[in-house]
Amino acid sequence: MTPQQNISLTSTLALPATARYYGRYQSTSELLSWLGWAQQQGVAVRPLGGGSNVLLAPEVDALVLQSDMCQVQVVHETECHRWVLVDGGCDWHSWVVDSAHYGHGLENLALIPGTVGAAPIQNIGAYGVELAEWVAWVEGVQLSTRQWQRWSAQDCRFAYRDSIFKRELRGDVIITRVCFRLSRRFEPNLSYQPLAEWSAGAQVTPHSLREAVCAIRRSKLPDPAELANAGSFFKNPVVAQPQAQLLQQRWPQMPTYPAQGGVKLAAGWLIEQAGWKGRRLGKVGMHRQQALVLVNYGGASLGDIEALVRQVQTDVWQRFKVALEPEPQRF
Ligand SMILES: Cc1cc2nc3c(=O)[nH]c(=O)nc-3n(C[C@H](O)[C@H](O)[C@H](O)COP(=O)(O)OP(=O)(O)OC[C@H]3O[C@@H](n4cnc5c(N)ncnc54)[C@H](O)[C@@H]3O)c2cc1C
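What you see is a predicted model, and the numbers here were worked out from it, not measured in a lab.

**Focus on the overall build of the protein**
Check the secondary structure of the protein and you find seven helices and 20 strands. Taking 20 Å as the expected radius of gyration for a compact globule of 331 residues, we find that the protein reaches 20 Å, a close match to that expectation. A principal-axis box enclosing the C-alpha atoms of the protein has dimensions of 60 × 50 × 35 Å. A buried classification covers 49% of the 331 residues belonging to the protein. Of all intrachain contacts in the protein linking residues separated by at least 6 positions in sequence, the fraction that spans at least 24 positions is 62%. When the accessible surface of the protein is totalled, it reaches about 15800 Å², and 46% of it is carbon and sulfur.

Take a look at the structure:
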């Protein structure tokens, strides 16, 4: 197999980027051929999904691989659940829509951009639901050993926007399939306030819930096709209880949420208080309605984005002594 060379890569942040080598695979044997080629040539391999959570370098000195695999298969079922194995190349939102034929649980995760294969990397989440709740296992190939592996949900060590694939196994795995354990009974998660308000007194169906989630997302988040962005740019920081108490004494209106290992703060609120909501730094800025969303107004470079990230982090730190961590990964 011969890869294409110097191919432009696209991402929702619209950063200019070129892959030195580029290939697509339609089967696991094609994927293995690419890995063999890369090993022979001594070239690094980087999987790319929809490019909605990456900070692309101008020149990616690697073989960038994208998947065309998109099969869905029921592998097991009981009275209460159905286990559905989904190829990593499937579009996430299309799978969420399709999942209604098999079971329930993913409705609140509708309209998140990207692929199924990337979803476990940061344990995608929205409106009270995380991927982790609905994953039975993840399958893929480990690049360092070229072994096929299956990671149970527990092995994945899912946490808030985090998993083993962002830590110990960072950059060492290509996820080829995700097995979902869907519920055959519809029990909507309406814990997110706007969904609770929307549903008050109404008959909630899987379809209406999904549509409500899509409507909320469309009203709140800029569409990357119109204004380049990567969704929420910073993770909501989790701080220890004593620090949260001190912060709340000083800023009683500060929103806080219970979280594993401490108290979760709203990164958007911190950024807004630090004066960055709607503020620009050259070609980039923090969105005027969503302070958490970093936007590229056109023609920005990775350096422009990094300068803004540093500035926002510094200002939030100086005001609150809270560190902000970006969600998108350098690629
Ligand atoms: C408008 C907008 C809204 C968003 N809203 C949310 C939200 O509500 N919740 C949320 O959690 N996220 C959100 N995101 C972030 C993003 O959609 C998710 O993180 C998504 O899972 C990324 O998928 P992708 O295919 O685009 O991954 P990419 O951006 O292509 O890749 C992300 C990382 O995963 C790696 N990767 C990709 N595919 C694979 C694979 N098959 N195997 C191994 N590694 C792989 C890449 O190497 C890279 O490090 C949003 C983004 C945007 C632009």
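The structure having been displayed, the exposition proceeds.
**Observations concerning the sheet that holds strand S13 (residues 228-232)**
Strand order in this open sheet of four strands is S13-S19-S18-S17, and the pairing throughout is antiparallel. The sheet terminates laterally at S13 and strand S17 (280-281), the two strands that pair on one side only. Note: S17 against strand S18 (residues 284-286), two bridges, orientation antiparallel. By the bridge assignment, Leu281 is partnered in S18 with Val284.

**Topic: the sheet that holds strand S14 (residues 238-239)**
Spatially, the three strands line up as an open sheet ordered S14-S16-S15, and their pairing is antiparallel. Because the sheet does not close on itself, it has two edges, and the strands there are S14 and strand S15 (256-259). As judged from the four bridges shared by S15 and strand S16 (residues 262-265), these two strands associate in the antiparallel manner. By the bridge assignment, Thr256 is partnered in S16 with Leu265.

**Details of the side chain of Gln142**
On the secondary structure map, Gln142 appears in strand S10 (residues 135-142). Only 3.3 Å separates the side chain of Gln142 from the side chain of Gln149, close enough to count as a polar contact. A polar atom in the side chain of Gln142 sits 3.0 Å from the side chain of Asp172. For Gln142, the residues in contact, after removing those within four places along its chain, are Gln147, Gln149, Trp151, Leu169, Asp172 and Val173.

**With respect to unusual backbone geometry**
One can expect most non-glycine residues to show negative phi and most peptide bonds to be in trans. With phi around 70°, Leu111 is a residue other than glycine that occupies positive phi space. With respect to the element layout, Leu111 can be found in the loop between helix H2 (92-99) and strand S8 (125-126). Looking at Leu111, the relative accessible area reads 24%, which means it is partly exposed.

**Regarding the state of the cysteines**
One pass over the full model with this rule turns up one disulfide. Across the disulfide from Cys70 sits Cys90; the S-S distance is 2.2 Å. Its S-S torsion of approximately 115° makes the covalent link between Cys70 and Cys90 right-handed. Of this pair, Cys70 sits in the loop between strand S5 (59-67) and strand S6 (72-77) while Cys90 sits in the loop between strand S7 (81-87) and H2, placing them 20 residues apart in sequence. Residue classification places Cys70 among the partly exposed positions, given a relative accessible area of 45%. The buried category is assigned to Cys90, whose relative accessible area is 2%. In this model Cys80 remains outside any disulfide bridge; the closest cysteine sulfur is found in Cys179, 16 Å from its own. Taking relative accessible area as the criterion, Cys80 reaches 43% and is therefore assigned partly exposed.

**Examining the domain arrangement of the protein**
Accessible area lost during the coming together of the parts is what is often quoted as the interface size. As assigned here, the protein comprises domain 1 (4-67), domain 2 (72-183) and domain 3 (228-330). Taken over C-alpha atoms, the centre of domain 1 sits 30 Å from the centre of domain 3. Summed over both partners, the interface of domain 1 with domain 3 buries about 1100 Å², with 60% contributed by carbon and sulfur atoms. The largest contributions to the domain 1 side of the interface with domain 3 come from Leu13, Asn53 and Leu55, which together make up 56% of the buried area. Scanning the region where domain 1 abuts domain 3 turns up zero salt bridges. Our count for the contact surface shared by domain 1 and domain 3 stands at five residue pairs in polar contact (both at pLDDT 80 or more). Across the side of domain 1 that touches domain 3, the residue classes break down as nine nonpolar, three polar and one charged.

**Looking at the pattern of salt bridges**
Within the structure shown, the criterion is met by 12 salt bridges. For the salt bridge of Arg167 with Asp162, the shortest nitrogen-to-oxygen distance reads 2.5 Å. You can call Asp162 buried: its relative accessible area is 10%. Note that Glu325 and Lys235 form a salt bridge whose closest N and O atoms lie 3.8 Å from each other. Taken together, the residues span a long stretch of sequence, with Glu325 in the loop between helix H7 (302-320) and strand S20 (329-330) and Lys235 in the loop between S13 and S14 at a distance of 90 residues. Note on Glu325: relative accessible area 42%, which makes it partly exposed. Classification of Lys235 as buried rests on a relative accessible area of 9%. A network of salt bridges, in which partner residues are shared, links Glu139, Arg150 and Arg177.

Rules and cut-offs
- Residues numbered from 1 in each chain as written.
- Predicted model: local features only at pLDDT ≥ 70, side-chain atom pairs only at ≥ 80, totals over all residues.
- Heavy atoms only, no water.
- Helix = DSSP H or I, 4+ residues; strand = E, 2+ residues; numbered from the N terminus.
- Rg over C-alpha atoms; globule rule 2.2 N^0.38 Å.
- Buried < 20%, exposed > 50% of the residue type's maximum accessible area, 1.4 Å probe, protein only.
- Contact = heavy atoms within 4.5 Å.
- Areas by Shrake-Rupley, 256 points an atom, 1.4 Å probe, with all protein chains shown as cover.
- Pairing = 2+ DSSP bridges.
- Polar contact = N/O pair within 3.5 Å; in protein donor to acceptor, adjacent residues only side chain to side chain.
- Disulfide = S-S within 2.5 Å.
- Domains from an automatic or database assignment.
- Buried area = accessible area lost by both parts, 1.4 Å probe.
- Salt bridge = Lys/Arg side-chain N within 4 Å of Asp/Glu carboxyl O.
- Nonpolar A, V, L, I, M, F, W, Y, C, P; charged D, E, K, R; others polar.

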